[in-house]
Amino acid sequence: MTDTGTTFTVETDRRTQVVDITERVAAALPEDATGTATVFVRHTTVGVTVNEAESRLLSDFESFLESAVADEGWQHDQLDGNADSHLRALLCGPSETVPVTDGRLDLGTWQSVLVVECDGPQSRTVEIRV
Ligand code: ZN
């Protein structure tokens, strides 16, 4: 890992899709790292969050985001038609900070790091900085 962090790519295949990236984040950590890891996306229609990665719950997250924000009727749609994607990503934010101990993510038993795609399918870059 360099001072500028490390990145990996997440390929999504649906418009709204929650992807568990916990293992990939863990694999990006230096063995001796202790402190915090910031998981960040340089995108405006993707979010990062920490929650439980139970498969039915991931589907519920997707349904919730789709129903919480109307698909149409936003001003930004006059420009590129994806205001709903930006607004769904707004609910998650672009990063999470996770404690790291001896190169391991210090997550709770039921916690996972999740990427929240809101305008897929796309190729998304996730950055990790310790
Ligand atoms: Zn847009």
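Right above here is the structure, for reference.
Below or above, wherever it landed, is the structure these notes cover. Quick caveat: nothing in here was measured; it's all calculated off a predicted structure.

1. A look at the coordination of the zinc ion
Here is step 1: For the zinc ion, the protein coordination sphere consists of His76 (NE2), Asp80 (OD), Asp80 (OD), Asn82 (OD1) and His86 (NE2), at 2.1 to 2.7 Å.
Here is step 2: For the zinc ion, the donor residues sit on a single chain with the sequence spacing H-x3-D-x1-N-x3-H.
Here is step 3: Look at Asp80 and you get partly exposed, because its relative accessible area is 44%.

2. Looking at the pattern of salt bridges
Here is step 1: One pass over the full model with this rule turns up 10 salt bridges.
Here is step 2: Close ionic contact of Asp13 with Arg14 constitutes a salt bridge, the shortest N to O distance being 4.0 Å.
Here is step 3: Classification of Asp13 as exposed rests on a relative accessible area of 55%.
Here is step 4: According to the relative accessible area criterion, Arg14 is partly exposed, its value standing at 39%.
Here is step 5: For Asp84, the salt bridge is made with Arg15, and the minimal N-O distance between the two is 2.9 Å. Of this pair, Asp84 sits in helix H3 (residues 83-92) while Arg15 sits in the loop between strand S1 (6-11) and strand S2 (17-20), and the two are 69 residues apart along the sequence.
Here is step 6: Taking the relative accessible area as the measure of exposure, Asp84 reaches 2% and is therefore buried.
Here is step 7: If you follow the salt bridges from partner to partner, you end up with Arg15, Asp71, Asp84, Arg88 and Asp119 in one network.

3. Side note on the sheet that holds strand S6 (residues 104-105)
Two strands in a sheet stick together by hydrogen bonds in their backbones, pointing the same way (parallel) or opposite ways (antiparallel).
Here is step 1: With antiparallel pairing, 5 strands are arranged side by side in an open sheet as S1-S8-S3-S5-S6. In the strand order of this sheet, the two ends are held by S1 and S6, each with one partner.
Here is step 2: Examined bridge by bridge, strand S5 (residues 95-101) and S6 share 2 bridges and lie antiparallel to one another. Counted as the bridge partner of Thr101 is Arg104 from S6.

4. Structural notes on the nonpolar core
A general tendency of soluble globular proteins is for nonpolar side chains to be buried together.
Here is step 1: Formed by 21 residues in total, the largest nonpolar core has its most connected members in Phe8, Ile21, Val25, Val39, Val113, Val126 and Ile128.
Here is step 2: Residue assignment for this core shows that the elements contributing at least two residues are S1, strand S3 (35-41), strand S4 (46-51), S5, strand S7 (112-117) and strand S8 (123-129).
Here is step 3: With near-sequence residues (within four places) excluded, Val39 lies in contact with Ile21, Val25, Val48, Pro94, Ser95, Glu96, Val113, Val126, Glu127 and Ile128.
Here is step 4: Formed by 7 residues, the second largest nonpolar core is a distinct cluster that contains Val18, Leu65, Ala89 and Cys118.

Scoring rules and cut-offs
- Residues numbered from 1 in each chain as written.
- Predicted model: local features only at pLDDT ≥ 70, side-chain atom pairs only at ≥ 80, totals over all residues.
- Heavy atoms only, no water.
- Donors = N, O, S within 2.8 Å, 3.2 Å for Na, K, Ca; no water.
- Buried < 20%, exposed > 50% of the residue type's maximum accessible area, 1.4 Å probe, protein only.
- Salt bridge = Lys/Arg side-chain N within 4 Å of Asp/Glu carboxyl O.
- Helix = DSSP H or I, 4+ residues; strand = E, 2+ residues; numbered from the N terminus.
- Pairing = 2+ DSSP bridges.
- Core = buried A, V, L, I, M, F, W, Y, C linked by side-chain atoms within 4.5 Å.
- Contact = heavy atoms within 4.5 Å.

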